[in-house]
Amino acid sequence: MPAGDSTERRLRLLALLAARRGLSEVHRCRAHAERGSLLRPTGKTAEALAELDKAVGSDPRNAWARGQRAQVLAAVGRFDEAMADLDHAVEVEPDNEWAHAVRGNLNDDLERYDEAVADLSRAIEIDPEYTWAIAVRGHVRRKQGDLAVALVDFDRAIEVDPGYAWAVVERGLTYAALGRVPDALAELSHAIEIDPQNGWAWCARGNVHHDLGNYDSAIDDLSRAVQALPNAAHPVACRGSTHRTAGRPEQSLEDLDRAIAVDADYAWALAERARAHRDLNNDAAALADLTRAIEISPGYRFALNERARIHREAGRLSAAVEDLTRSVAADPDHRWALVARASVYLDQARYDEALSDTDRALDQDAADSWALETRAQALAALGRLDEALTL
């Protein structure tokens, strides 16, 4: 029997069970929750949520029903309600490792990394071999930059389950972040051997090839990722980025258009498309994409910096300074933005401010040649020629 037919048959049986007279509320909750959990991955979000609302209504203390509903609520952006469900689930079942892990995963999605690690650690404390929780904690730690600690988690998850492809992919990404590129390629290749249909493994290996400048290999891997994940924005956006880096802006635009059609709020894809437009001398289109990326992510430094570059080239110096000031506000130690702003200050004859920015940049790297050159220009403009000549 095909899997779809089996699911439909189970949904019908659960509907009959849920409607049965005399059924206890505990069992009615379970029937509705099972239906909701089966409907959730099919994309029938409204139907899944309706079933899970009925489940929670039948037994408000059922942690599994609360957790299932939380995942649907999170998927539609109702994060506060999702967190409330998970808080309730953990409250009524404090030793439910799954509820702690799901809350940790939601905290990760909300970029509350310390809370995520705490929840996932509690889940692992309850069940030391809970591989999903171990791997997710490693994932969070990798995003926090705790690479060595993340690696310990991935090692443990793979020790418990050697065939856990996602954990193998995450370990490969951690190797790449640590500069262990051969280990990263070997690990990602192993993930593909475990699960040849794992599009994220193909995507990750393709991105490592991209970083190495192996663009043909990158395109091959990313094309496999796109084939495996045709409705995901990230793999096709990565392929578009690789086409652009390889000097194929037209093909880049095709892929990035496709990625943005899937996810119109994908700021990185918009910024990459802006770069492709720039390669094709279409600054108006690039500016529109960068502006949209900044609307989505106001502190997106790369987009701010690129938009400032376009403004400066067009003679819109005040607008360029405004963008670079926002970039510096997002990261006060962002040396490139400091020197870029100093360069625009030179154009505006604001020499003291240019000097201040270059001094800040040189505090971070005294050998920064661009900062040194810009500082010398500012000193010369202020009539401090002896100081300029000693740089």
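Predicted model, so just to flag it, every value in this text is computed and none were measured. (Residues numbered from 1 in each chain as written. Predicted model: local features only at pLDDT ≥ 70, side-chain atom pairs only at ≥ 80, totals over all residues. Heavy atoms only, no water.)

Engineer: Let's hear about the pattern of salt bridges: which residues, and what values?
Structural biologist: Side chains bearing opposite charge may pair, as long as their charged atoms lie close to each other. Applying the stated criterion across every chain yields a total of 37 salt bridges. The salt bridge involving Asp155 is made with Arg171; its shortest N-O contact spans 2.8 Å. With Asp155 in helix α9 (residues 147-160) and Arg171 in helix α10 (residues 165-177), this pair connects stretches of sequence that are 16 residues apart. Residue classification places Asp155 among the partly exposed positions, given a relative accessible area of 34%. What makes Arg171 buried here is its relative accessible area of 15%. Between Arg312 and Asp347 there is a salt bridge, with the nearest N and O atoms lying 2.7 Å from each other. One end of the pair, Arg312, is in helix α18 (residues 301-313); the other, Asp347, is in helix α20 (residues 335-347), with 35 residues separating them in the sequence. Residue classification places Arg312 among the partly exposed positions, given a relative accessible area of 33%. (Salt bridge = Lys/Arg side-chain N within 4 Å of Asp/Glu carboxyl O. Helix = DSSP H or I, 4+ residues; strand = E, 2+ residues; numbered from the N terminus. Buried < 20%, exposed > 50% of the residue type's maximum accessible area, 1.4 Å probe, protein only.)

Engineer: So what's going on with the packing of aromatic side chains? Residues and values would help.
Structural biologist: A complete count under the given rule lists five aromatic pairs for this structure. Ring geometry for Tyr164 versus Trp166: centroids 6.3 Å apart, planes at 45 degrees, classification tilted. Note on Tyr164: relative accessible area 15%, which makes it buried. Pairing Tyr300 with Phe302 gives two aromatic rings, centres 6.4 Å apart and planes at 45 degrees, and the pair type is tilted. (Phe/Tyr/Trp six-rings, centres within 6.5 Å; stacked < 30°, edge-to-face > 60°.)

Engineer: Mind laying out the nonpolar core, listing which residues take part and the relevant values?
Structural biologist: Ranked by size, the top nonpolar core spans 29 residues in total, and within it Ala101, Leu120, Ala133, Val140, Ala167 and Val169 carry the most contacts. When residues of this core are traced back to their parent elements, those giving at least two are α7 (113-126), α8 (131-144), α9, α10, α11 (181-194), α12 (199-212) and α13 (215-228). Setting aside chain neighbours within four positions, we find Ala167 in contact with Ala135, Phe154, Ala157 and Ile158. Counting residues in hydrophobic clusters, the runner-up holds 23 residues, among them Ala308, Leu338, Tyr345 and Leu346. (Core = buried A, V, L, I, M, F, W, Y, C linked by side-chain atoms within 4.5 Å. Contact = heavy atoms within 4.5 Å.)

Engineer: Which residues make up α11, and what values do they have?
Structural biologist: Taking 1.5 Å of rise per residue, 14 residues should cover 20 Å, and α11 covers 20 Å from first to last C-alpha, within 8% of that figure. Where the residues of α11 are buried, they touch α9, α10 and α12. (Expected span 1.5 Å × (residues − 1).)

Engineer: Tell me about the packing of helix α14 (residues 233-245) against helix α15 (residues 249-262), residues and numbers included.
Structural biologist: Look at α14 against α15: their axes get within 7 Å of each other, and the N-to-C directions meet at 160 degrees. The orientation of α14 relative to α15 falls into the category roughly antiparallel. The handedness of the crossing between α14 and α15 comes out as left-handed. Residues Ala233, Val236, Ala237, Arg239, Gly240, His243 and Arg244 of α14 form the contact with α15, whose own contacting residues are Pro249, Gln251, Ser252, Asp255, Leu256, Arg258, Ala259 and Val262. Considered class by class, the residues forming the contact of α14 with α15 number seven nonpolar, four polar and four charged. (Axes fitted to C-alpha atoms, helices over the stretch in contact; angles between N-to-C directions. Parallel < 35°, antiparallel > 145°, perpendicular 65-115°, else oblique. Left-handed = near helix turned anticlockwise from the far one by under 90°. Nonpolar A, V, L, I, M, F, W, Y, C, P; charged D, E, K, R; others polar.)

Engineer: Would you mind going over unusual backbone geometry in detail, with residue names and values included?
Structural biologist: Backbone geometry follows two general trends: most residues other than glycine have a negative phi, and most peptide bonds adopt the trans configuration. Phi at Glu111 is positive, roughly 60 degrees, even though this residue is not glycine. Its place among the elements puts Glu111 in the loop between α6 (97-109) and α7. Look at Asn281: it is not a glycine, yet its phi comes out positive at around 60 degrees. Tracing the backbone through its elements, the reader meets Asn281 in the loop between α16 (267-279) and α17 (283-296). Among the residues examined, Asn281 registers a relative accessible area of 71% and is labelled exposed.

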